Amino acid sequence: ISEGRTRMKSLQKVAILTLICALMTLSAGSGLTQRIYDFEKMSKDLVTLLTIAGFSVADNLDVINLHKAKLGMPLPEGEPYSYKGIDPVTFAKTITRDFTTRTGIEIRFVSEGKGGYGPRNPADLPDEWEQAQINRFKDIGLPPGVGFGEFLKVGEKPKRVIYRYFFPLYMQERCMKCHGDPATSPTGDKKDITNYYMENYKLGELRGGISVTFPIS
């Protein structure tokens, strides 16, 4: 268990440094047009890296949680399976918390939940703007990989300018193990390995999204 957690902490540090380096590189452009373009480009790059990190964890949940399992090797038979507290969202949130502390850029994973359960973490409830984006992507059904961003003035006088970007997350096969049909529960009680009730999402269904907020002025 200790070895697995150490390995995951190392991956988290690499991901955080990669995010910050990408941000510094993109921020080097000059001129208003370049800077406006950069906000969307940075947002897309941030969510791309986070989704890749999350998918990597999802694809290797058995390796992370099965005793003596190793990347790239067949899963050992007859070994105990124990959830280590690491799943795609908790891993990505660990990265984003540190990233926000270092940069001031806020990244949230938001979801309405489904089936009367609500989001797994109440802190993930969408705010008014995020809810509007969820509704937008439900209504227009854009293809995966398309997000939406805009500049906003917020707060009391003097108002602040921020850039907000929303990237929708749709259910994929790798997500079904935890969020799919409760009848497939590995513990037989309609719960997944993290002890949450499976929400019965379908492939391709909108589950929520990643919300990015850049403070500008």
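All values derive from a computational prediction rather than experimental measurement. (Residues numbered from 1 in each chain as written. Predicted model: local features only at pLDDT ≥ 70, side-chain atom pairs only at ≥ 80, totals over all residues. Heavy atoms only, no water.)

1. Describing unusual backbone geometry
And step 1. Positive phi outside glycine occurs at K190, with the angle close to 70°.
And step 2. The phi torsion at N195 lies on the positive side, around 75°, for a residue other than glycine.
And step 3. For N195, a relative accessible area of 52% gives the class exposed. (Buried < 20%, exposed > 50% of the residue type's maximum accessible area, 1.4 Å probe, protein only.)

2. A closer look at the packing of aromatic side chains
And step 1. In total, this model carries seven aromatic pairs according to the counting rule given.
And step 2. Over the aromatic face of F55 sits the side chain of R174, whose NZ or CZ is 4.3 Å from the ring centroid.
And step 3. Seen from the ring of Y197, K191 lies directly overhead, with NZ or CZ sitting 5.0 Å from the centre. (Phe/Tyr/Trp six-rings, centres within 6.5 Å; stacked < 30°, edge-to-face > 60°. Lys NZ or Arg CZ within 6 Å of the ring centre and 35° of its normal.)

3. Looking at the layout of surface pockets
And step 1. Taken as a whole, the largest pocket spans an internal volume of roughly 930 Å³.
And step 2. Along the wall of the largest pocket there are 44 residues; nearest its centre are P88, V89, L169, H179 and R207.
And step 3. At the level of secondary structure, the elements contributing two or more residues to the lining of the largest pocket comprise α2 (32-59), α4 (88-103), β1 (106-110), β3 (160-170), α6 (176-179) and β4 (206-215).
And step 4. Tallied by class, residues from the lining of the largest pocket come to 22 nonpolar, 13 polar and nine charged. (1 Å grid on protein atoms, 1.4 Å probe; cavity = no way out; pocket = protein on both sides within 12 Å on 5 of 7 lines; lining within 4 Å. Points joined across faces, edges and corners; volume = space filled by probe spheres on them. Helix = DSSP H or I, 4+ residues; strand = E, 2+ residues; numbered from the N terminus. Nonpolar A, V, L, I, M, F, W, Y, C, P; charged D, E, K, R; others polar.)

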